[in-house]
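# Summary of structural features
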Number of protein chains: 2
Amino acid sequence: MSARTEIEGSRARQSRATREAIVEAATRLMHLRGYQNTALDEVLRASGVGKGNFYYHFRSKEDLGYAILDRIVARFVERTLDPCFSEPGQPRLGQIRCFLDRVLEAQRERNCVGGCAMGNLASELSDVHEGFRARLASVFEAWRGRLMTALREAQARGEVSADCDAEPVAHFLVAALEGAILLTKVTKDIGVMEQCVRELKRYLALYEAGR
Amino acid sequence: MSARTEIEGSRARQSRATREAIVEAATRLMHLRGYQNTALDEVLRASGVGKGNFYYHFRSKEDLGYAILDRIVARFVERTLDPCFSEPGQPRLGQIRCFLDRVLEAQRERNCVGGCAMGNLASELSDVHEGFRARLASVFEAWRGRLMTALREAQARGEVSADCDAEPVAHFLVAALEGAILLTKVTKDIGVMEQCVRELKRYLALYEAGR
DNA sequence: TCATCTGTACCAACCAGTCGGTACACAACC
DNA sequence: GGTTGTGTACCGACTGGTTGGTACAGATGA
């Protein structure tokens with residue numbers, strides 16, 4: 001019954017590719033320029049899609065905004081979060097440290113350009129657009145949730161001491177990373193990020209079981 | 001020689017007041033909506049100043065941008081940084097803790113609205129406008145510098161252990177605060193900020209002399 | 001009178017979104 | 001198997017409104 005499993009006609013395939021091209025171009029542009037300061041025409045030019053076609057696939061620019069947010073989150077989960085936390089046998093603290101390193105490496109690869117797409121959107125839209133704010137809040141909550149479960153599992157496994165309250169620690173990890181990325185973006189110095197991650201690991205070690 | 005100390009004519013006084021009104025309104029609006037998404041007309045309407053008058057006082061919108069940035073920084077130094085670090089007798093670690101609390105209280109007073117004006121501008125403009133980026137980078141450097149000297153003085157006074165490297169620690173403090181403010185802005189929950197500040201203090205205690 | 005201010009009318013460029021119309025895959029029918 | 005009908009996918013010109021910025025006449029006080 002699912003359309004996805006049916007044999008897809010060339011028309012439907014092309015249609016999906018068009019939508020994909022729009023979202024791809026918009027994600028790239030809006031990551032750098034922000035949502036409000038990226039003109040639809042730029043996205044259209046970059047993706048080679050006409051105006052009418054765009055409004056066939058999306059109801060509005062806002063609609064596109066939610067689409068790129070979904071894409072950003074999906075990519076973050078798949079490329080940064082999942083690779084660290086998927087293997088169940090691994091020690092949890094090691095997974096968290098691996099995650100910190102992965103975020104650092106992502107900034108290095110980007111040459112300190114762009115910063116965190118989710119953080120940028122949060123900064124730009126939280127006080128301007130309630131819909132985006134709510135969506136972004138749930139994204140950060142999910143991210144923090146992933147860290148919280150890792151921390152609680154670490155406690156259950158005896159890696160982390162019992163006096164570690166997972167919620168504030170997870171909040172702090174997310175906040176520190178976001179701030180470090182922002183500072184790296186404005187200084188254009190990966191060394192800042194390296195120092196911050198090093199200090200963040202030192203903080204984390206505070207809760208390591210057996211002092 | 002300084003014009004500021006001369007007896008000011010009513011005309012010059014009015015002119016300065018006009019400029020002041022523009023910067024004041026622009027600062028308030030751009031703190032919430034961002035630089036690029038705040039229209040000049042809005043600023044003019046809010047300050048009750050005409051277009052021609054505006055372009056008498058400012059060369060361009062960009063010029064206004066630098067002016068509000070100066071104002072934001074001056075206000076931050078005078079209202080948040082200076083009150084904590086001005087008294088030379090105080091213990092340095094206490095000054096830093098007082099500063100963290102002050103940042104937290106500022107967010108509470110704002111009802112988690114607006115976030116950090118400098119952080120917002122950094123997020124919005126760092127990859128779009130090199131002039132602003134450079135200016136913002138120097139602002140964050142000055143902020144970090146203030147924390148660094150406090151930390152070094154703390155070491156000299158024996159409050160902080162010798163193995164504390166002031167630069168990365170200061171970087172981390174700034175980053176963690178910026179991230180915490182951002183997370184608070186998007187969640188609209190001051191509890192997030194409280195938790196982050198608490199964890200940040202726990203981190204800071206790592207370097208307290210005598211364990 | 002003359003430089004300093006200020007309001008208003010205006011401009012071209014740009015914005016998100018609309019509209020009339022076209023191309024074509026695909027199915028239905030004869 | 002060709003013709004016809006239909007909805008999906010698409011195009012680019014256009015619209016009303018907004019943008020940063022300019023021109024300029026008039027007001028004001030030294």
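Residues numbered from 1 in each chain as written. Chains lettered and ligands numbered in written order. Predicted model: local features only at pLDDT ≥ 70, side-chain atom pairs only at ≥ 80, totals over all residues. Heavy atoms only, no water.

## Notes on the protein's contact with DNA strand D
Inspection of the region around DNA strand D gives 22 residues, with A:Arg11, A:Asn53, A:Tyr56, B:Leu40 and B:Lys51 positioned closest. Among the atoms of DNA strand D close to the protein, meaning within 4 Å, 66% are from sugar or phosphate groups. Separating a base oxygen of DNA strand D from a backbone N or O atom of A:Gly52 is a distance of 2.8 Å. Here a phosphate oxygen of DNA strand D sits 2.8 Å away from a polar atom, N or O, in the side chain of B:Lys61. (Near = heavy atom within 4 Å. Polar contact = N/O pair within 3.5 Å; in protein donor to acceptor, adjacent residues only side chain to side chain.)

## Notes on the packing of helix α6 (residues 117–125) of chain A against helix α8 (residues 166–187) of chain B
It is the contact of α6(A) with α8(B), at a shortest axis distance of 9 Å, that shows an interaxial angle of 60°. Judged by the inter-axis angle, α6(A) sits oblique to α8(B). Two packed elements cross with a definite hand, and for α6(A) against α8(B) that hand is left-handed. Of α8(B), the residues touching α6(A) (which contributes A:Gly119, A:Ala122 and A:Ser123) are B:Leu182, B:Lys185 and B:Val186. Its residues assigned to classes, the contact of α6(A) with α8(B) comprises 3 nonpolar, 2 polar and 1 charged. (Axes fitted to C-alpha atoms, helices over the stretch in contact; angles between N-to-C directions. Helix = DSSP H or I, 4+ residues; strand = E, 2+ residues; numbered from the N terminus. Parallel < 35°, antiparallel > 145°, perpendicular 65-115°, else oblique. Left-handed = near helix turned anticlockwise from the far one by under 90°. Contact = heavy atoms within 4.5 Å. Nonpolar A, V, L, I, M, F, W, Y, C, P; charged D, E, K, R; others polar.)

## Details of the environment of B:Lys61
All names here are of chain B. Summarising the element assignment, Lys61 is placed in helix α4 (residues 61–85). Residues Lys61 and Ala39, 22 residues apart in the sequence, show an inter-C-alpha distance of 9.2 Å. Non-local contacts of Lys61, meaning those with residues more than four positions away in its chain, are made with Met30, Tyr35, Gln36, Thr38 and Leu40. Only 3.4 Å separates the side chain of Lys61 from the backbone oxygen of Gln36, close enough to count as a polar contact.

## Re the pattern of salt bridges
Summed over all chains, the structure comprises 30 salt bridges over all chains. A salt bridge links A:Glu105 to A:Arg108, with the shortest nitrogen-to-oxygen separation between them at 2.9 Å. Highlighted residues: A:Glu105 and A:Arg108, both in helix α5 (residues 92–109), separated by 3 residues, approximately one helical turn. Here A:Glu105 falls in the partly exposed class, since its relative accessible area comes to 32%. By relative accessible area, which is 35% here, A:Arg108 ends up partly exposed. A salt bridge links B:Arg71 to B:Glu20, with the nearest nitrogen and oxygen atoms 2.8 Å apart. Taken together, the residues span a long stretch of sequence, with B:Arg71 in helix α4 and B:Glu20 in helix α1 (residues 10–33) at a distance of 51 residues. What makes B:Arg71 buried here is its relative accessible area of 17%. (Salt bridge = Lys/Arg side-chain N within 4 Å of Asp/Glu carboxyl O. Buried < 20%, exposed > 50% of the residue type's maximum accessible area, 1.4 Å probe, protein only.)

## So, the environment of A:Ala26
Residues and elements named next belong to chain A. Structurally, Ala26 is set in helix α1 (residues 10–33). Its relative accessible area of 0% is what places Ala26 among the buried residues. Note: C-alpha distance between Ala26 and Ala46 (20 residues apart in sequence) is 8.4 Å. Every residue in contact with Ala26, bar those within four places of it in the chain, is listed here: His31, Val43, Leu64 and Ile68.

## Side note on the packing of aromatic side chains
All names here are of chain A. Counted under the stated rule, the structure contains 23 aromatic pairs over all chains. Relative to Trp143, the ring of Phe76 has its centre 4.9 Å away and its plane inclined at 65°; by these criteria the two rings are edge-to-face. Remark: Trp143 occurs in helix α7 (residues 130–156) and Phe76 occurs in helix α4 (residues 61–85); sequence separation between them is 67 residues. A relative accessible area of 3% means that Trp143 is categorised as buried. Here Phe99 and Trp143 contribute two aromatic rings whose centre-to-centre distance is 6.1 Å and whose plane-to-plane angle is 80°, an arrangement assigned as edge-to-face. Of the two residues, Phe99 is situated in helix α5 and Trp143 in helix α7; the sequence distance between them amounts to 44 residues. (Phe/Tyr/Trp six-rings, centres within 6.5 Å; stacked < 30°, edge-to-face > 60°.)

## Quick notes on the nonpolar core
A general tendency of soluble globular proteins is for nonpolar side chains to be buried together. Counting 144 residues, the largest nonpolar core has A:Phe99, A:Trp143, B:Phe99 and B:Trp143 as its most contacted members. Every residue in contact with B:Phe99, bar those within four places of it in the chain, is listed here: B:Phe76, B:Thr80, B:Leu81, B:Cys84, B:Phe85, B:Trp143, B:Leu147 and B:Leu177. (Core = buried A, V, L, I, M, F, W, Y, C linked by side-chain atoms within 4.5 Å.)

## Details of α4(A)
Here α4(A) spans 34 Å end to end across 25 residues, near enough to the 36 Å set by a 1.5 Å rise per residue. Considering bend angle alone, the principal kink of α4(A) is centred on A:Val77 and spans about 40°. (Expected span 1.5 Å × (residues − 1). Bend = angle between axes of the 7 residues up to and from the residue.)

## Describing the interface of chain A and chain B
Contacts between the two partners involve 46 residues from chain A and, on the opposite side, 46 residues from chain B. When the area that chain A buries against chain B is broken down by residue, the three leading residues are A:Asp127, A:Phe172 and A:Val186, summing to 16%. At the boundary of chain A with chain B, the tally comes to 2 salt bridges. In this structure, the connection of chain A to chain B is made through 21 residue pairs in polar contact (both at pLDDT 80 or more). (Buried area = accessible area lost by both parts, 1.4 Å probe.)

## Looking at empty space enclosed by the protein
Under the criterion given, the structure shown has 1 cavity of 30 Å³ or more. Residue lining of the largest cavity: 19 residues in total, with A:Ser123, A:Leu182, B:Gly119, B:Ser123 and B:Leu182 positioned closest to the centre. Of all the secondary-structure elements, those providing two or more residues to the lining of the largest cavity are α6 and α8 (166–187) of chain A together with α6 (117–125) and α8 of chain B. Of the residues that constitute the lining of the largest cavity, the class distribution is 6 nonpolar, 10 polar and 3 charged. (1 Å grid on protein atoms, 1.4 Å probe; cavity = no way out; pocket = protein on both sides within 12 Å on 5 of 7 lines; lining within 4 Å. Points joined across faces, edges and corners; volume = space filled by probe spheres on them.)

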